[in-house]
Amino acid sequence: MVLFFQLLIDGLASGAIYASLALALVLIFRATRIVNFGQGEMATLSAYCAWQLCEWGVPIALSLLIVGAASFLLGVLVFRAVIKPVSKASTETVVVVTLGLFVFFQALCLWLWGADQRAFPAMFPGGGWDILGVRVTASTLGILLVLLCLAATMGAIFRFTRLGLAMRASAYSSEKSLLVGIRVERMLMLGWGFAATTGFIAAALVGPRLFLSPTMMMPILLYALASATLGGWDSPLGALVGGLIVGVAESLGATFLPFIGADLRVVIPIAVTLVILLVRPVGLFGSSTVVKV
Amino acid sequence: MNGTRMFQSAPAVLVASVALCLPVLAPDFMLFEFSIAVSYGIAILGLNLLLGFSGQICLAQGALFGIGAYTTAIFNVNFGMDPIVTLPFAAIVTSLIGVLIGLPALRLQGLQLAIVTFGVASAFPQLLLKMDSITGGVTGLAIDQPMAPRWFPGSQELWLYGLSLICAAASVFMLSRLLRGDTGRLLRALRDNPLVAESLGVNLTKGRLAAFAASSALAGLGGGLFCILNGFISPQSFLPMKSIDILIGGIVGGITSMAGAFIGAVFIVFVPGWTTAINPALGGLIYGLCLIAMMMVARQGIAGLPIGRGLQALKHLFNKKGLSRVSGAVPGQLGGE
Amino acid sequence: MQLLTSSRTSLALRAFALAVFVAGPLHAQEPSPGITDDAVKIGISGPLTGPVAALGAIADGVRTRIDPINAAGGIKMADGKTRKIELVVEDDGLDPQRTLTNVRKLAEREEVFAVLATAGTPNNQAIGRYITQRSVPNLFMYSGVHELSGPEWEIGFVPSFTTEAATFAKYLLDNKPQAKIALLYLNTETGQTFQAALESAISGSGASIVAAQPVTSADPTVETQLSTLKASGADTLVVITGPKQGAEAVRFATESGWKPTTLVSNIAASIASLKPAGLENAKGVITSQFLKQVNASAPGDDAGVKRYLADHAAAQSKFSTDDALGQSGYAIGDALAKVLESMKAPSREAMMEAARNLDHTQLDLLLPGITLTTKAGEDVYPIESLQLFQFDGAAYQPLGDVISFEGKTPKH
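Residues numbered from 1 in each chain as written. Chains lettered and ligands numbered in written order. Predicted model: local features only at pLDDT ≥ 70, side-chain atom pairs only at ≥ 80, totals over all residues. Heavy atoms only, no water.

### A closer look at the overall build of chain C
Right, on to step 1. When helices and strands are counted, chain C shows twelve helices and 13 strands.
Right, on to step 2. A compact globule built from 412 residues would reach a C-alpha radius of gyration of about 22 Å, and chain C, at 23 Å, matches this within 12%.
Right, on to step 3. Along the three orthogonal principal directions, the C-alpha set of chain C runs to about 85 × 55 × 40 Å.
Right, on to step 4. Put simply, chain C has 412 residues, and 58% of those count as buried.
Right, on to step 5. Carbon together with sulfur atoms contributes 54% to the accessible area of chain C, which is approximately 16,000 Å² in total. (Helix = DSSP H or I, 4+ residues; strand = E, 2+ residues; numbered from the N terminus. Rg over C-alpha atoms; globule rule 2.2 N^0.38 Å. Buried < 20%, exposed > 50% of the residue type's maximum accessible area, 1.4 Å probe, protein only. Areas by Shrake-Rupley, 256 points an atom, 1.4 Å probe, with all protein chains shown as cover.)

Shown next, in the form of structure tokens:
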């Protein structure tokens, strides 16, 4: 029984990791209708920059602020240099461009810092509490709290502010938005910038747990995509909930389902996603778009 | 009109002529690399069918490729079948599994389908490892390589290259037959406007499943060929990145072009080696930039580059006759129609 | 008509075959490709790019050892000639298919004399048939699982994982005979070989494996497996995974309050890999080594280590001095040099003969007491000894003497 609850907590902890990347992916999708496969690697690059600043003696809070701003600029830069030129092209072209970003940023981190894993400075105090034999760490709770605030903020901005409305409109249909007077390009730029910063926050949250390395975010990508799909690509809160569901399902399933076991645990997020999609095709919190024929 | 047709099929003609001249120009080990490229090309052809012609994103093509390879290997190792004879079986088995994947796809929209199929691709190597009694697990499977018959004048590599070309030609032939008829129209309707098609009475379910079946059959054929060429397969060759590579190959080559499939295959087999050769330390960086640059220059893939139109423009230079042309790709155009 | 033609053709073919046969022995006396009077060409195929590019340090390590030899004029071989060693390195991203393509390219276009330090078990398996057909030596493979599919032309280097498992078992049987072992293993051949060897080494004793959890290289975290292992009530943790999962295991073992006796395989136990887990958490971790400890800031007075550090600085190697993979590469380069020196003739057959009859060859970076020993037909594993080390919070300290399992590695 204790094992069950321990695995539940472990699942929430892993789920928080998946949810963090999922949040960044959902943000960029909501703002630009593009799934950026390179999001994780861009986040890793920012995390490395923060780590490097700390190594050079800059206090951690300041490093996070500096790199947070820098990652916003990185997002804008990537948008203007790479995405804007192909924005009129088909989805497939953009997919390959984002894959190119994936390869590029991972190789960049590898080249600059080598393949060894590093310790990322922790933002939350270590240690935790032992509740009836189940161990809960302070960092897990901290990460969940930060993600909750982030998701709520994102959701609120998109739903309740004019800026959010403008961003959503630009993503949905750039021509019609231009007609209405929205500065589409600026909205897209903002979207990429915010997404990059969110990605950095995600990487900073999970870095201490995952150990900073050029391939840190790679195994997470599939789980993050599944989480976002599960929760609905329209909803930041959905990404968070989706991540937690995936984490818990995977943690419990890997241990208590012997025919899956820990080596086939990657099947679980897919199976869970599939089941939920078959029941509710837009994801748990997604909103279905009504298309006029 | 005849002239326009000729120029539109420029990529296909180019690819075919290069393929035939290769044995003369290239040394044996390069023929081997090209044969591998052809096997990937057949799998990419399947992806083009699914993505380019029917508008469904399937990121499990690498796993289906692997299933074809393992089918060939298992039939050869366990039942002693000649590897070449196993190829149709590889195609059929993979096709059946592809339909299984296609079934849930009926309910899923584009992005979701992509992610679920990517999940299948991620689970595939682990499944191979788990089912090690059949698949040989981590040790992999080694097959008897079909030797060139005694009457064949060339080398073993040439024989295998010829075999690859025959498989490729068969695939292209079957695919064009498929696309020319009703099924082809069905698939194009599926991609361009499924709602209208359905309201006109088109059976989309049948179309979707047919697309999956055909696409997987091609992936399986490519995989079986891959197994024959290498003589040894292991789960390490079928990681999720392989599905991504096939996707990249398809899009870079031109997702609506049959010639593009093989151009893209050559891209993914040779370009990573070239970028590393330029600078070993920066190899990955250069490859990433290459992908991005490629897409910025050739929006519709390499086959979509206006080679045909360029040649045609050249012809106009001499004829000095201006023709009014509709610019851009005509919906439903494929290289050679 | 047709019969005549086919019989004439087959006659011609038979005559041709005979001619080749007769010419065959003559060919054997011709020099092997890749070796001239001034140079010998060696090819390496390894992952230089992609997620596993860390293994590319091996190729760099080989170059670190070879560069000073070339700078001094070359290596003096048994036939009296001094030759420079030319290294050709190709990238394969650890994909076995690309390894095969690269080895073909190296053998046919570059015409290398031999292939060296091929990393990865499936990669070596993929090229096994080819190198046997073409008689290309595949020296000093970097794989702890020796699937010697082409034994006449292949030889490994790093100790088999069975040796490491036996070493760990010996420690446990000596110090904790009733150990309840929890095993965290990689679900590839590495982990499976180790698991089987550990089980057979402790069979019949009081120690037993009470829980075993697999890990895949695609797992984001292994918290689930570790919690399950902890719940099994084991008091010993044995880890045979990659560096990332190894570090996680070490951190978990301490932070969760479990604190078992922890033994970690040398592929995951370098100080650089454990540092992110917290060096305090890593205190007490036991591992096995066959390479010397290299501490660049306090090199000590070991001549081999000093030469390694000097070569590293001169070659401007891209890996850090305490990178175990780079060190292994350096040792492999060293072994290559020794084989080249002791070859009786400048031919591939002579190279394999020398490699398969190493008589306690010493290398700079091998721990004292560990040497390369092989004997054709009996012993195909160069290194079959290991020494246990224990981490004291800052460095690894030796734990007991070198344990030798010479001649005892089971055939696969």
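### Considering empty space enclosed by the protein
Right, on to step 1. In total, this model carries five cavities of 30 Å³ or more according to the counting rule given.
Right, on to step 2. Lining the largest cavity, in full, are B:Phe226, B:Asn230, B:Phe232, B:Ser237, C:Pro96, C:Gln97, C:Leu100 and C:Ala126.
Right, on to step 3. Mapped by element, the contributors of at least two residues to the lining of the largest cavity are α11 (204-230) of chain B together with α3 (96-108) of chain C.
Right, on to step 4. With three residues, the top contributor of residues to the lining of the largest cavity is α3(C). (1 Å grid on protein atoms, 1.4 Å probe; cavity = no way out; pocket = protein on both sides within 12 Å on 5 of 7 lines; lining within 4 Å. Points joined across faces, edges and corners; volume = space filled by probe spheres on them.)

### Regarding the interface of chain B and chain A
Think of interface size as the accessible area that goes away when the parts come together; that is how it is often given.
Right, on to step 1. Facing the 36 residues of chain B at the interface are 43 residues of chain A.
Right, on to step 2. Counting each side, the surface lost to burial between chain B and chain A is near 3,400 Å², with a carbon and sulfur contribution of 82%.
Right, on to step 3. Our count for the chain B to chain A interface comes out at zero salt bridges.
Right, on to step 4. Here chain B is connected to chain A by zero residue pairs in polar contact (both at pLDDT 80 or more).
Right, on to step 5. When residues of the side of chain B that touches chain A are traced back to their parent elements, those giving at least two are α6 (110-130), α12 (240-253) and α14 (283-297) of chain B. (Contact = heavy atoms within 4.5 Å. Buried area = accessible area lost by both parts, 1.4 Å probe. Salt bridge = Lys/Arg side-chain N within 4 Å of Asp/Glu carboxyl O. Polar contact = N/O pair within 3.5 Å; in protein donor to acceptor, adjacent residues only side chain to side chain.)

### With respect to the interface of chain C and chain A
Right, on to step 1. Facing the 31 residues of chain C at the interface are 31 residues of chain A.
Right, on to step 2. Taking both partners together, chain C and chain A bury about 2,400 Å²; carbon and sulfur atoms supply 57% of that area.
Right, on to step 3. When the buried surface of chain C facing chain A is broken down by residue, C:Pro220, C:Thr224 and C:Pro276 rank first, second and third, together holding 23% of it.
Right, on to step 4. Put simply, chain C and chain A have two salt bridges between them.
Right, on to step 5. Of the charged contacts, one joins C:Asp219 and A:Arg265 as a salt bridge, the two residues approaching to 3.3 Å between their closest N and O atoms.
Right, on to step 6. At the boundary of chain C with chain A, the tally comes to ten residue pairs in polar contact (both at pLDDT 80 or more).
Right, on to step 7. Within the residue set of the side of chain C that touches chain A, elements represented by two or more residues are β8 (208-215), α7 (223-231), α8 (243-255) and α9 (271-274) of chain C.
Right, on to step 8. Its residues assigned to classes, the side of chain C that touches chain A comprises 13 nonpolar, twelve polar and six charged. (Nonpolar A, V, L, I, M, F, W, Y, C, P; charged D, E, K, R; others polar.)

### A short note on the domain arrangement of chain C
Residue and element names in this part refer to chain C.
Right, on to step 1. The domain boundaries assigned to chain C delineate domain 1 (39-159 + 299-381) and domain 2 (161-289 + 392-404).
Right, on to step 2. Measuring from the centre of the C-alpha atoms in domain 1 to the corresponding centre in domain 2 gives 29 Å.
Right, on to step 3. On the side of domain 2, seven residues touch domain 1, which itself brings ten residues to the contact.
Right, on to step 4. Area buried by domain 1 at its contact with domain 2 is led by Gly 144, Val 145 and Pro 159, which between them contribute 44% of it.
Right, on to step 5. If you look at where domain 1 meets domain 2, you find zero salt bridges.
Right, on to step 6. Here domain 1 is connected to domain 2 by zero residue pairs in polar contact (both at pLDDT 80 or more). (Domains from an automatic or database assignment.)

### Looking at the pairing of strand β11 (residues 286-289) of chain C
Residues and elements named next belong to chain C.
Right, on to step 1. Of the two faces of β11, the one carrying Ile 286 and Ser 288 and the one carrying Thr 287 and Gln 289 are both buried.
Right, on to step 2. With four bridges connecting them, β11 and strand β12 (residues 385-391) associate as antiparallel partners. For Ser 288, the partnering residue across the bridge sits in β12 and is Leu 388. (Pairing = 2+ DSSP bridges.)

### Some thoughts on the sheet that holds strand β1 (residues 39-46) of chain C
All names here are of chain C.
Right, on to step 1. An order of β2-β3-β1-β4-β5-β6 is seen for the six strands of this open sheet, with the pairing classed as mixed. Among the strands making up the open sheet, the edge pair consists of β2 (75-76) and β6 (154-156).
Right, on to step 2. Relative to the sheet, helix α2 (residues 57-71) contacts β1, β2, β3 (82-91) and β4 (114-116), its axis offset from that of β3 by approximately 160°.
Right, on to step 3. Lying on the sheet, α3 is in contact with β1, β3 and β4; it crosses β3 at an angle near 145°. (Axes fitted to C-alpha atoms, helices over the stretch in contact; angles between N-to-C directions.)

### Looking at the pairing of strand β2 (residues 134-137) of chain A
A regular strand places its side chains on the two faces of the sheet in alternate fashion.
Residue and element names in this part refer to chain A.
Right, on to step 1. Covered by surrounding structure in β2 are Val 134 and Val 136 only, the residues Arg 135 and Thr 137 on the alternate face being uncovered.
Right, on to step 2. In this sheet, β2 lies alongside strand β1 (residues 128-131) in antiparallel orientation, the contact comprising four bridges. Bridge pairing links Asp 130 to Arg 135 in β2.
Right, on to step 3. Where β1 folds back onto β2 in an antiparallel hairpin, the turn is made up of two residues, including Leu 132, whose phi is positive at roughly 55°.

### Structural notes on the environment of C:Gly191
All names here are of chain C.
Right, on to step 1. Following the sequence through the fold, Gly 191 ends up in helix α6 (residues 189-202).
Right, on to step 2. Classification of Gly 191 as buried rests on a relative accessible area of 0%.
Right, on to step 3. Here the alpha-carbon distance between Gly 191 and Pro 214, two residues 23 residues apart in the chain, equals 8.3 Å.
Right, on to step 4. Beyond its immediate chain neighbours, meaning those up to four positions away, Gly 191 contacts Tyr 185, Leu 186 and Ile 240.

### What about the pattern of salt bridges?
Right, on to step 1. In this structure the tally under the stated criterion is 23 salt bridges over all chains.
Right, on to step 2. Measuring nitrogen to oxygen at the nearest pair gives 3.2 Å for the salt bridge that ties B:Lys242 to C:Asp95. Here B:Lys242, found in helix α12, pairs with C:Asp95, found in the loop between β3 and α3, and the two come from separate chains.
Right, on to step 3. Its relative accessible area of 6% is what places B:Lys242 among the buried residues.

### What about helix α2 (residues 10-25) of chain B?
Residue and element names in this part refer to chain B.
Right, on to step 1. For α2, built from 16 residues, the straight-helix expectation of 22 Å at 1.5 Å per residue is met to within 8% by its first-to-last C-alpha distance of 21 Å.
Right, on to step 2. Along its length, α2 shows its largest kink, about 30°, at Ala 19, and proline Pro 23 lies within four residues downstream of that point.
Right, on to step 3. Taken residue by residue, α2 has Ala 10, Pro 11, Ala 19 and Leu 22 as its buried positions. (Expected span 1.5 Å × (residues − 1). Bend = angle between axes of the 7 residues up to and from the residue.)

### Some words on the environment of C:Asp219
Right, on to step 1. By the secondary structure assignment, C:Asp219 is in the loop between β8 and α7.
Right, on to step 2. Note on C:Asp219: relative accessible area 3%, which makes it buried.
Right, on to step 3. Setting aside its immediate chain neighbours within four residues, C:Asp219 contacts A:Pro219, A:Ala262, A:Arg265, C:Gln225, C:Lys244 and C:Gln245.

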